[in-house]
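Structural features, examined
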Amino acid sequence: SGERAEPSTDAEREIAAIWCGVLGLERVGRNDNYFASGGDSIGAIQVASRLKRAGWQAEVRDLFQFPTVAELAVQLRRAETAAVAEEALSGAIPLTPAQAWFLEHHREDRHHFNQAVLLRPREPLATSAVVAAVTALWRQHDALRTVLVNERALVLPLETAPSFTVREVPDEAARLADTEAVQANFALARGPLFTVVLYRIPTGDRLLLVAHHLVVDGVSWRILLEDLELGLRQQAQGRGIDLGVRSTSIRRWAEAALDRAGGAGEMWKPEKGATWPAAQSTTANVFGATQTSTRSLPETTTRALLTTAHAAYHTEINDLLLTALGRALKRWHGGERTRVMLEGHGRDPETGLPSIERTVGWFTCLYPVTLAIAGDEIGAQLKTVKELLRAVPAKGIGYGIARYLRKVSALTAEPLPAVSFNYLGQFGEESGGLLAFADESSGTPIGARVARTHELDFGAMVARGRMELSLTFGRERYPSAAMETLLENWRAEIEALVAHTTARARDEKTPADFTSRALNLPAYETLLRTRGWAAADVEDVCRLSPMQAGLLFQSLFEKESRAYFVQMAYRLRGRLDAARLEAA
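These remarks concern the structure in this document. Source: prediction; values computed, not measured.

Here we take up unusual backbone geometry. In this model, Gly191 is joined to Pro192 through a cis peptide bond whose omega is -15°. Note that Pro192 resides in the loop between helix H7 (172-183) and strand E8 (194-200). Even without being a glycine, His314 presents a positive backbone phi close to 55°. Counting through the fold element by element, His314 comes out in the loop between helix H10 (299-306) and helix H11 (317-333). Of note, the phi angle at Lys395 is positive, near 55°, even though the residue is not glycine.

Following this line, the structure appears as structure tokens:
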């Protein structure tokens, strides 16, 4: 490989700096590809958000269309006018599909269904600075002020005080005991459903942030932590806190979701032949009766999984993770087809809904797919799963709208898949930050009586440079030894996929990569075999233009026709170099 070309313009340097921050890289070249450098759609949201904050006109889709620093820099334009800030919300707002899912499936311990982060300050934090930063978060992000009254979401007025406490505790045991009490203390109708506790501990302070899942999702935490860091820095510099203009309101997004035509019920019906072994016990499927097992991949394998592994088949991270999961599940239960509920962040441009890259809230979209793992050829299986995922319309947002907001009967009567999968993206710490993730526990986020909607919950995330895999299951419902083997097989199958893809000398595209989607994968592969073509030699498949279609029709209709035959003749002066003519 040649020398990396350094960013050469102000725009390129600013883009490169943002990529380094989001991807945890030390350097980025002007010709580096965002996705080949380990980026994903979750990180793309952060990139677009930071570019906007820096004064550029930027959307998430720009990164997909122009994935290198140089390409993106050419497209960026400075924002000519300041963004129009949304008004602060107060009062009733529509539910998001994820919130409606929660209300439909959970009755017990509803108040105890949280997400939490425990942070370690790298520098001493003044209580006044934390109060100011937390208050700024509370006022900036309407979702944090949401409460639930009679199954309806309400946003508390802007002047309502946030929940912030300073507690002096003697040791870690006392801190954890208090944290557990905080986790179980939300009141859905009264609120607040977001609380911050600053623990003063002789061995080192800790900052706890707890939010009910009704008001945040995984992307929301990235926004909150970025804004918290910014607010604390501004306070340390003696400045007032300015978190920028408000982004799209939850109300506007939720209203647009209600108005959007949801996916047709028939589209999401389960396919026949999906396999699932019955649970060995009738013990209640609740979070208090679960066990979570974990595995991790080495840093080198993780890096390849995020970058070079995708060149072979033009894949994304979920293509590999789900193909490996399907192969592991097949080894466990023996069937080729498994129904899986996927979780997406719901913020993709493909949803057609208002842009919410800087909006805090619960926008997760849930949708089912059937993993079909036929035969034994790992490359063919990967291509099949990739095509399956690309065929999901609008990144799956229509399923939740249809099932939980519109109550489409064909969907509400359908049992949920026994398996769920969620890739949470990459979590890291930017160098020089005031806050770092603490190693200690942030408490028990979900109550013991909360019902689970799936039998096996598979999760994946990148933390500190390693892919962390998890499997949560009912410890009385499925044998622990079998579950440990299943998780280990998933890990091994991921490594096998990485080895297969990185060993390929040439890349190949599949129908989802082409300009025209006229062919599905089986039809495309049949065409390749019939013509004797190699998949690696096909750059694109395009539909004929109207003129080309007319020419083709005429040639097929009347094979001897010369209607569109054009011939031109030239008189040459001097000697013709045949070799150069052929090369030209």
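Bringing the sheet that holds strand E16 (residues 466-474) into the picture now. Taken in spatial order, the six strands make up an open sheet running E10-E16-E15-E13-E11-E12, and their pairing is mixed. Because the sheet does not close on itself, it has two edges, and the strands there are strand E10 (290-296) and strand E12 (365-372). Averaged over all pairs of adjacent strands, the angle between strand axes in this sheet comes to 25°, irrespective of strand direction. Summarising the sheet, E10 and E16 pair through seven bridges and their orientation is antiparallel. Within E16, the residue paired with Thr294 across the bridge is Ser470. Contacts from helix H12 (residues 378-390) reach strand E11 (337-344) and E12, with the element oriented near 150° to E12.

Taken as a whole, this structure holds 42 salt bridges when the rule is applied. Note that Arg390 and Asp319 form a salt bridge whose closest N and O atoms lie 2.7 Å from each other. One end of the pair, Arg390, is in helix H12; the other, Asp319, is in helix H11, with 71 residues separating them in the sequence. For Arg390, a relative accessible area of 23% translates into the label partly exposed. Between Lys509 and Glu539 there is a salt bridge; the shortest N-O distance is 3.0 Å. Of this pair, Lys509 sits in the loop between helix H15 (480-503) and helix H16 (521-531) while Glu539 sits in the loop between H16 and helix H17 (546-557), placing them 30 residues apart in sequence.

What follows is about the side chain of Ser293. Here Ser293 lies in strand E10. Apart from residues lying up to four places away in sequence, Ser293 is in contact with Leu469, Ser470, Leu471, Phe473, Glu484 and Leu487.

Bringing empty space enclosed by the protein into the picture now. A probe as big as a water molecule, rolled over the atoms, marks out the empty space that is left. What the rule picks out here adds up to three cavities of 30 Å³ or more. As for the largest cavity, its lining consists of Val22, Leu23, Tyr34, Gly39, Asp40, Ile42, Gly43, Gln46, Arg222 and Gln426. If you list the elements that add at least two residues to the lining of the largest cavity, you get helix H1 (10-23) and helix H2 (41-53). Take the lining of the largest cavity: its biggest share by element is three residues, from H2.

Before going further, it helps to examine the side chain of Asn285. Position of Asn285 among the secondary structure elements: in the loop between helix H9 (250-259) and E10. Once residues lying within four places of it in the same chain are set aside, the contact partners of Asn285 are Ala451, Arg452, His454, Glu455 and Arg477.

A few words now on helix H5 (residues 97-105). Counting buried positions along H5 gives eight out of nine residues, so the element sits mostly inside the fold. Considered for burial, the residues of H5 that qualify are Pro97, Ala98, Gln99, Ala100, Trp101, Phe102, Leu103 and His105. Residues of H5 that are buried sit in contact with strand E5 (146-149), strand E9 (206-212), H9, E12 and helix H13 (397-405).

Further remarks concern the pairing of E9. Where burial is concerned, most of E9 is hidden: seven out of the seven residues are buried. By the alternation rule, side chains of E9 split into Arg206, Leu208, Val210 and His212 and Leu207, Leu209 and Ala211, which are all buried. Judged from the six bridges that link them, strand E4 (residues 114-121) and E9 form a sheet pairing that is antiparallel. Considered in E9, the bridge of Leu119 is made with Leu207. Alignment of E8 against E9, held across six bridges, turns out to be antiparallel. Considered in E9, the bridge of Phe194 is made with Ala211. Between E8 and the antiparallel strand that follows it, E9, lie five residues; Gly204 among them carries a positive phi value of about 140°.

About the cut-offs
Residues numbered from 1 in each chain as written. Predicted model: local features only at pLDDT ≥ 70, side-chain atom pairs only at ≥ 80, totals over all residues. Heavy atoms only, no water. Helix = DSSP H or I, 4+ residues; strand = E, 2+ residues; numbered from the N terminus. Pairing = 2+ DSSP bridges. Axes fitted to C-alpha atoms, helices over the stretch in contact; angles between N-to-C directions. Contact = heavy atoms within 4.5 Å. Salt bridge = Lys/Arg side-chain N within 4 Å of Asp/Glu carboxyl O. Buried < 20%, exposed > 50% of the residue type's maximum accessible area, 1.4 Å probe, protein only. 1 Å grid on protein atoms, 1.4 Å probe; cavity = no way out; pocket = protein on both sides within 12 Å on 5 of 7 lines; lining within 4 Å. Points joined across faces, edges and corners; volume = space filled by probe spheres on them.

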